[in-house]
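Tertiary structure, described
In case you want the letters, here they are:
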Amino acid sequence: MEERLKELETLALQQVSEAQDLKQLNEVRVAYLGKKGPITEILRGMGQLSAEERPKMGALANVVREAIAGKIEEKQAELEKAAVAAKLASETIDVTLPGRPTPTGSQHPLTKVVEEIEDLFLGMGYTIAEGPEVEKDYYNFEALNLPKDHPARDMQDSFYITDEILLRTHTSPVQARTMEKNEAKGPIKIICPGKVYRRDDDDATHSHQFTQIEGLVIDENISMSDLKGTLEVFAKKMFGDEREIRLRPSFFPFTEPSVEVDVSCAKCGGKGCNVCKQTGWIEILGAGMVHPRVLEMAGYDSKKYQGFAFGMGPERIAMLRYGIDDIRHFYTNDQRFVKQFNRV
Ligand code: DAH
């Protein structure tokens, strides 16, 4: 029996030392020390031994069992340590590895121009007003002195949704809405940026959807010179300090008198070139003194209050500023186009 115990001990210790992982080690534990293992069996068979031999063998069996258990414990600690080390090794970060670049977006040139214009007018005490893109015929046309059969409606081919509702063709309806909403019927100083829609075929200079920025100032004693001074500041800010503006007579049903505003060509300085079609001037916006009828329809006393208004297209301004030759570039989401404006 003594021999059998020694043999078991050698075998078990060998298997413990050969265990590759915690699972194998546990199998060895169960095999030798488990309830159905050989040592338990030997201890069970002690009854057959003589009275002197029994304590001797009992003690030996315990020594063997402890030796195996001790070795298992030792091996377990060793394997656990190795497992932690392996996990750490697998999770090591190579700090010398170059980082993966994260693509960053750039500001769209149209957004840039609109924000710049907003900042300029906010700095002059204007606030920003907005209105719906799906608009009533009333605000888009009628309240702006364009009754149903007015021929000037043809200037703006419209997307009608019903007889009375359309996609706004300009930002001017925000003028009518703001005046109507103003309960005190007092001074107003707003700009209204937003999207507008026209039934045009898309080409290099036309788009069925584009943006506008409207301006409206209402107060007592407002004159054409306030309009001119304001637009001069605007033109110099957008196109450079050396720029000049000129006003040409024009027609809009909602302003009287109406003007078209040109800025001196930034490319040739006014001498004439391909950009300004040899005229030295480039048209940038429409403007005028708010028509008394428009004031009256919104409930204003046109004897007491006057106003000026203007409407411009940020696409056109961006195209002139950055030399963009096709309006469709703004809407096709080509990153190569947008990225060029990262640093301007
Ligand atoms: N709404 C006009 C258009 O889209 C532009 C315009 C002209 C707006 C004169 C104005 C203005 O406020 O006074 O063609």
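Let me sum up the structure you'll find in this document. Computed from a predicted structure; not experimentally measured. (Residues numbered from 1 in each chain as written. Predicted model: local features only at pLDDT ≥ 70, side-chain atom pairs only at ≥ 80, totals over all residues. Heavy atoms only, no water.)

1. A closer look at the overall build of the protein chain
- A tally of helices and strands in the protein chain yields 11 helices and nine strands.
- For 344 residues, the compact-globule formula gives about 20 Å, and the C-alpha radius of gyration of the protein chain, at 44 Å, lies well above that figure.
- Across its three principal axes, the protein chain shows a C-alpha extent of roughly 130 × 50 × 40 Å.
- Burial statistics for the protein chain: of 344 residues in total, 43% are counted as buried.
- By sequence separation, contacts in the protein chain at least 24 residues apart represent 66% of the contacts at least 6 residues apart. (Helix = DSSP H or I, 4+ residues; strand = E, 2+ residues; numbered from the N terminus. Rg over C-alpha atoms; globule rule 2.2 N^0.38 Å. Buried < 20%, exposed > 50% of the residue type's maximum accessible area, 1.4 Å probe, protein only. Contact = heavy atoms within 4.5 Å.)

2. Topic: the nonpolar core
- In this structure, I117, F121, F234, L285, F310 and M312 are the most contacted members of the largest nonpolar core, which totals 42 residues.
- When contributions to this core are tallied by element, the ones reaching two or more residues are α5 (109-123), β5 (209-219), α8 (224-239), β7 (255-264), β8 (281-290), β9 (306-312), α10 (314-322) and α11 (335-339). (Core = buried A, V, L, I, M, F, W, Y, C linked by side-chain atoms within 4.5 Å.)

3. Some thoughts on the packing of helix α1 (residues 2-18) against helix α4 (residues 53-90)
- Running from N to C, α1 and α4 cross one another at 5 degrees; their axes reach a closest spacing of 10 Å. Our classification of the angle between α1 and α4 gives roughly parallel. Contacts from E2, L5, K6, L8, E9, A12, L13, V16 and S17 of α1 reach α4 at M57, L60, A61, V64, A67, I68, K71, I72 and K75.
- Of the residues that constitute the contact of α1 with α4, the class distribution is 12 nonpolar, one polar and five charged. (Axes fitted to C-alpha atoms, helices over the stretch in contact; angles between N-to-C directions. Parallel < 35°, antiparallel > 145°, perpendicular 65-115°, else oblique. Nonpolar A, V, L, I, M, F, W, Y, C, P; charged D, E, K, R; others polar.)

4. Re the environment of P292
- Mapped onto the elements of the fold, P292 is located in helix α9 (residues 292-297).
- P292 gets classed as partly exposed once you look at its relative accessible area, which sits at 39%.
- For the pair P292 and K303, spaced 11 residues apart in the sequence, the C-alpha separation amounts to 8.3 Å.

5. Observations concerning the site of the ligand
- Taken together, 16 residues form the shell around the ligand, and within it H170, S172, R198, Q212 and E214 come nearest.
- A distance of 2.9 Å separates a nitrogen atom of the ligand from a polar atom in the side chain of H170.
- One of the side-chain N or O atoms of Q212 is found 2.9 Å from an oxygen atom in the ligand.
- Here the ligand, which alone exposes 360 Å², has 92% of that area covered by the protein.
- Contributions of two or more residues to the shell around the ligand are made by β5, β8 and β9.
- Of the residues belonging to the shell around the ligand, the class tally is five nonpolar, nine polar and two charged. (Near = heavy atom within 4 Å. Polar contact = N/O pair within 3.5 Å; in protein donor to acceptor, adjacent residues only side chain to side chain. Areas by Shrake-Rupley, 256 points an atom, 1.4 Å probe, with all protein chains shown as cover.)

6. Thoughts on the packing of aromatic side chains
- Following the criterion strictly, the structure yields 11 aromatic pairs and no others.
- Here the aromatic rings of F330 and F337 are separated by 6.0 Å at their centres, their planes lie at 85 degrees, and the arrangement is edge-to-face. You'll find F330 and F337 in the same group, each marked buried.
- Through successive ring pairs, a cluster of aromatic residues spans F121, Y126, F234, F308 and F310. (Phe/Tyr/Trp six-rings, centres within 6.5 Å; stacked < 30°, edge-to-face > 60°.)

7. As for unusual backbone geometry
- Residue E256 is joined to P257 through a cis peptide bond whose omega torsion reads -5 degrees.
- Position of P257 relative to the elements: it lies in strand β7.
- Located in the positive-phi region is K185, a residue other than glycine, with phi close to 50 degrees.
- Phi at N221 takes a positive value of approximately 60 degrees, unusual for a residue other than glycine.
- Note that N221 resides in the loop between β5 and α8.

8. A few points about the pairing of β8
- For β8, the buried fraction is high: eight of the 10 residues fall into the buried class.
- Alignment of β7 against β8, held across eight bridges, turns out to be antiparallel. Directly across from D262, in β8, lies its bridge partner E283.
- Examined bridge by bridge, β8 and β9 share five bridges and lie antiparallel to one another. For G288, the partnering residue across the bridge sits in β9 and is A309. (Pairing = 2+ DSSP bridges.)

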